Amino acid sequence: MIKNGKYFVPPLDDGSDFKELFRRLSAAGAGRPTDKDGIPLGPWTPELLATAITQIEANRSGIELRTVQLWYQDNEKGISAENIRWLARVFGCDDPKATSEWQTELSVARARLVARRRALRAGSDGHDAHSPPDTVQNAAIDVGTVVPSPLAHKSDVISPRPGFSLARTSEAVFNRGSPLDLSASVFAGAVALGFSSYFLGIHSIVYPQANGVIKQVGYLWAPNWTLLFMVLMPLYFVFVRDLVVFWRGARRSQLNLEGEGIANDDMWMRKVVAFSVTYWAAFLVCLPIATVLQWIDRCLTPLLTRDAGNYPVEWARLAIERPHVISIPEAVAFTGFAYLYMGVVFYLFFAGSFCSSQLYTIFGNLDEILNLG
């Protein structure tokens, strides 16, 4: 059966648990594009499936390859409710009705997996591990918190998450792409400003003060604009990004036998959304106040009035004293870009701190959340 140009396998409800069901669908290539004869283009591999889930438009956080690989392995790991949602989109071929059906089927299969493993663990403790299949299946269906109502969650399946979220967007900066993307971007911005200052001739300027002291006022001689953004900030972003990816990926899989513990995607995204007010507060302080208002007060107004007031002469206001070196429009444009860059980087600095704080609140007491028994 073909849906939206992809190979569709309808739910069978044959009593399989998640591992059995997933392996069968993966081998059949359910949800994969088809050729002209309607045959799927091979089975799913962990790499192909991870890419397909990450490319879902509503999935802003993506998925890690390691998580998908765990689904293929015969281990104690299950699947989170959030990832069931995306897997249902794949197997349902982006058809709303089929996606809703597969979300229900996958949730029931996950419940069966959990119930059977609990029965096996109970058997290893001296209880009867050979429960009849109907008993196990009924136990799975009775888990009301695991099996969602298709009507209750249908809107969640067919519609993306609500609009723009500053918290989710900021978190995604530290969780997607190459480990060096953010640090390299910050470093490149600082280098671009440094080269621009050189082209404008304000990179190294000696200015005699009224007391006879010669002061270096060039852009490249200001450590808060060079050393901070070229060295300290990139190193900080590498550390935070590595920390977030490690805890959301490798470490998360060790925290619960079913993979449904406190560290799963649902818990993480709820934590991110819970910090929304904090992200917006940092954004408003860093961009409108610390960036725009400060730039207007320290750069734009003095440059337009050609009066530095009580501010000392430096590269940002050099056009007032030495208009032959840099013109007023050039100084306005350069300082505007510099302050905008500064504001964005400072906001990312605080966003990285918030991500680290979220990790602490989730994983702060490992003795209580690690299931070592």
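Residue indices follow the written sequence of each chain, beginning from 1 at its first position. This being a predicted model, a pLDDT of at least 70 is required before a residue's local features are given, and a value of 80 or more before pairs of side-chain atoms are given or counted; all residues contribute to the totals for chains, interfaces and linings. Excluding hydrogens and water, the side-chain values take into account all heavy atoms of the structure.

### A short note on the overall build of the chain
Going by this rule: Helix and strand definitions follow DSSP, with helices as H or I runs of at least four residues and strands as E runs of at least two, each counted in order from the N terminus. Each residue is placed in one exposure class: buried if its accessible area under a 1.4 Å probe, protein chains only, is under 20% of its type's maximum, exposed if it is over 50%, and partly exposed if it falls in between. Any two residues whose heavy atoms approach within 4.5 Å at even a single point are treated as in contact. With residues, only the protein chains shown are counted as cover, and all accessible areas are computed by Shrake-Rupley using a 1.4 Å probe.
When helices and strands are tallied, the chain shows 15 helices and four strands. Counting over 373 residues, the chain shows a buried share of 44%. Looking at the chain alone, contacts between residues at least 24 apart form 70% of all its contacts between residues at least 6 apart. When the accessible area of the chain is evaluated, it comes to approximately 18600 Å², of which 62% is carbon and sulfur surface.

### Let's talk about the pattern of salt bridges
Filter applied, for reference: Salt bridges are counted wherever a side-chain nitrogen of Lys or Arg sits within 4 Å of a carboxyl oxygen of Asp or Glu.
Taken as a whole, this structure holds seven salt bridges when the rule is applied. Linking K6 and D94 is a salt bridge whose minimum nitrogen-to-oxygen distance equals 3.3 Å. Here D94 lies in the loop between α4 (81-91) and α5 (96-124) and K6 lies in strand β2 (residues 6-7), a separation of 88 residues in the sequence. The class for K6 is partly exposed, based on a relative accessible area of 24%. Its salt-bridge partner being R116, residue D17 comes within 3.7 Å of it at the nearest N-O pair. Separated by 99 residues along the polypeptide, D17 in the loop between β2 and α1 (18-28) and R116 in helix α5 bring together distant segments of the chain. Owing to a relative accessible area of 9%, D17 belongs among the buried residues under this scheme.

### Quick word on α4
With 10 of 11 residues buried, α4 lies mostly within the body of the structure. Immediately beyond the C-terminal end of α4, within one or two residues, lies C93, with a positive phi of roughly 60 degrees.

### Regarding the side chain of R32
As a reminder, the rule being used: His residues and chain termini do not enter the charge count, which takes Lys and Arg as positive and Asp and Glu as negative. Two N or O atoms count as a polar contact when they lie within 3.5 Å, although within protein this holds only if one can serve as hydrogen donor and the other as acceptor, and sequence-adjacent residues are included solely when both atoms are side-chain atoms.
With respect to the helices and strands, the residue R32 is situated in the loop between α1 and α2 (46-54). One buried charged side chain, R32, makes no salt bridge at all; its nearest oppositely charged neighbour is E47, positioned 10 Å away. A polar side-chain atom of R32 sits 3.5 Å from the main-chain carbonyl oxygen of G42. Here the side chain of R32 touches P43 through a polar contact of 3.4 Å, landing on its backbone oxygen. The contact partners of R32, leaving out residues within four places of it in the chain, are K6, Y7, P40, L41, G42, P43, W44 and L48.

### Considering a nonpolar patch on the surface
Which entries qualify depends on this criterion: Put simply, a patch holds well-exposed residues, over 30% relative accessible area, that have no salt bridge, with like charges counted together within 9 Å and Val, Leu, Ile, Met, Phe, Trp or Tyr side chains within 5 Å.
On the surface, V285, I289, V292, L293 and I296 cluster together into a nonpolar patch covering about 410 Å² of accessible area. Residue placement: I289 occurs in helix α12 (residues 276-305).

### A look at the confidence of the model for the chain
Close inspection of predicted coordinates is inappropriate in any region flagged by low pLDDT. Quick reminder of the rule: For every residue, the pLDDT score states the predictor's confidence, bounded by 0 at the bottom and 100 at the top.
On average, the chain scores 80 in pLDDT, and the residues at 70 or more come to 80%. In the model of the chain, helix α7 (residues 150-158) stands out as the element of lowest mean pLDDT, 38, in contrast to helix α9 (residues 181-200), which has the highest, 95. Taken together, the stretch residues 128-160 has pLDDT below 50 and engages in 34 contacts with residues farther than four places along the chain or on a different chain. Between residues 254-263, whose pLDDT stays under 50, and residues either more than four places distant or in other chains, the model counts 34 contacts.

### Digging into α9
What counts, and what does not: Residue count minus one, scaled by 1.5 Å, sets the expected span of a helix. Throughout, the arc means that of the directions going from the helix axis to the C-beta atoms.
Spanning 20 residues, α9 covers 28 Å between terminal C-alpha atoms, matching the ideal 28 Å at 1.5 Å per step. For α9, every residue scored as buried is listed here: L182, S183, V186, G189, A190, L193, G194 and S197. One side of α9 carries all its buried residues, which in axial view fall inside an arc of 130 degrees. A positive backbone phi angle near 85 degrees is found at G201, which sits one or two residues after α9.

### What about the packing of α1 against helix α3 (residues 65-72)?
The cut-off we apply is this: Helix axes use the C-alpha atoms of the stretch in contact, all axes being lines fitted to C-alpha atoms, and the angles between their N-to-C directions lie in the range 0 to 180 degrees. Relative orientations are named as follows: roughly parallel for angles under 35 degrees, roughly antiparallel for angles over 145 degrees, roughly perpendicular for angles from 65 to 115 degrees, and oblique for any other angle. Lys, Arg, Asp and Glu make up the charged group, whereas Ala, Val, Leu, Ile, Met, Phe, Trp, Tyr, Cys and Pro make up the nonpolar group; the residues left over, Gly among them, are polar.
α3 packs onto α1 with a crossing angle of 105 degrees between their chain directions and a minimal axis gap of 9 Å. If you check the angle between α1 and α3, you find them roughly perpendicular. Here F18, K19, F22, R23 and S26 of α1 come into contact with α3, specifically with L70, W71 and Y72. For the contact of α1 with α3, the per-class residue count stands at five nonpolar, one polar and two charged.

### Let's talk about the nonpolar core
What counts, and what does not: For our purposes a nonpolar core is just a set of buried Ala, Val, Leu, Ile, Met, Phe, Trp, Tyr and Cys residues, chained together by side-chain atoms within 4.5 Å.
Judged by nonpolar contacts, the single largest core of 56 residues is most densely connected at W225, F229, F237, Y279, W315 and Y347. If you list the elements that add at least two residues to this core, you get α8 (166-173), α9, α10 (227-251), α11 (265-274), α12, α13 (318-321) and α14 (328-363). Considering every element that reaches this core, the biggest residue donor is α14, with 15 residues. Contacts of F229, omitting those with residues within four sequence positions, involve V186, F187, A190, N224, P234, Y341, M342, V345 and F346. Core analysis: the second largest hydrophobic core is formed by 29 residues, F22, I63, V68 and W71 among them.

### So, the packing of aromatic side chains
Which entries qualify depends on this criterion: Under the pairing criterion, centres of Phe, Tyr and Trp rings, with the six-membered ring standing for Trp, must be within 6.5 Å; the plane angle then separates stacked pairs below 30 degrees from edge-to-face pairs above 60, leaving the rest tilted. As a reminder, the over-ring test applies to NZ of lysine and CZ of arginine, requiring each to be within 6 Å of the ring centre and within 35 degrees of the ring normal.
Evaluation of the coordinates by the stated rule reveals 23 aromatic pairs. Grouped by ring-pair contacts, the aromatic residues Y219, W225, F229, W315, F334, Y339, Y341 and F346 constitute a single cluster. Cation over ring: K3 sits above F8, and NZ or CZ is 5.2 Å from the ring centre. One cation-aromatic arrangement involves R32 over W44; the distance from NZ or CZ to the ring centre is 5.4 Å.

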